[in-house]
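Okay, here's what each chain looks like letter by letter:
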Amino acid sequence: MTNERGLLIVVSGPSGAGKGTICKEYLKNHPDTYLSVSATTRAPRTGEVDGESYHFYTTETFERMIADRELLEWAVFCDNYYGTPRAGVENALSAGRDVILEIDVQGAMNVRAHYPEGVYIFVLPPSPQVLYERLKGRGTESEEVIQKRISKAAGELSHLPKYNYCLLNASLLEAVADFEAVVRAERRRVERTLSYIHKVWNLG
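Report follows, based on the coordinates. Computed from a predicted model, the values in this text were never measured in an experiment.

**A closer look at the sheet that holds strand S1 (residues 8-12)**
No. 1: Strands sit in the order S2-S7-S1-S8-S9 across an open sheet of five strands; the sheet is parallel. Strand pairing shows two members of the sheet lacking a second neighbour, strand S2 (34-35) and strand S9 (165-168), which therefore form its edges.
No. 2: Across the face of the sheet, helix H4 (residues 105-114) comes into contact with S1, strand S7 (99-102) and strand S8 (119-124) while running at roughly 155° to S1.

Set out below in structure tokens:
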């Protein structure tokens, strides 16, 4: 069954929850899905590639993009800007491609105000201790930043009722299967397929 407009899938969760890994695994089996690459002013981490991991911009460029409304949403965390470029998302949706936005809660709530029809998924690790161990295991951030991220995660949970689904990422295989099940079900919702059904069955 074909939807005329793509499905907007917004994925949030604490840093270290595994949401990026889930999205990457999903994309392996669904290469037509468009993964929006976020923009940021923070410095690249080891192994990150500009245009693939993030679009890395100067503060001046990012603030110009804000002024010109080139971002769907943006936020500041740990003194750095983060945001979602608008053009790629809109073009993909209009072309009938599903779009994944992997963004934080603040950004997701800003997007939700403009796209209430989107699918909002929150990814959680099994426990705060597991989250700490994952963040520590990266070896890329100081203890101070790790504690900030854990504190932020606790605050983000207050927004959970505004999401449609919550995925507990204890097993990557199960989490990816749950993600795929959510997308399959959402693409078959009557309100998303009604226009297609009317056209095929000539219902007027």
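There's more to say after this.
**So, helix H3 (residues 86-94)**
No. 1: Among all positions of H3, only Val89, Ala92 and Leu93 are buried. Burial along H3 is one-sided: seen end-on, the buried residues are contained in an arc of 100°. More than 90 degrees from the buried face of H3, the exposed residues found are Ala87, Asn91 and Ser94.
No. 2: Buried residues belonging to H3 abut S1, S2, strand S5 (71-77), strand S6 (80-85) and S7.
No. 3: At the C-terminal side of H3, Gly96 shows a positive phi close to 90°.

Conventions adopted
- Numbers given for residues are sequential positions, taken from 1 along each chain in its written order.
- pLDDT decides what is reported in this predicted model: residues at 70 or higher carry local features, side-chain atom pairs at 80 or more are listed and counted, and totals for whole chains, interfaces and linings draw on all residues regardless.
- Calculated side-chain values reflect all of the structure's heavy atoms, with hydrogen atoms and water omitted.
- In this analysis, strands are considered paired if DSSP registers two or more bridges between them.
- Think of it this way: any DSSP run of H or I at least four residues long counts as a helix, any run of E at least two long counts as a strand, and we number them from the N terminus.
- Whether two residues are in contact is decided by their heavy atoms: any pair within 4.5 Å suffices.
- Axes here refer to lines fitted to C-alpha atoms; in helices the fit is confined to the stretch in contact. Angles between the N-to-C directions go from 0 to 180 degrees.
- Throughout this description, buried means an accessible area under 20% of the type-specific maximum (1.4 Å probe, protein chains only), exposed means over 50%, and partly exposed covers the range between.
- By arc we mean the arc of the directions from the helix axis to the C-beta atoms, nothing more.

Purely geometric stuff here, so don't read any function into it on its own.
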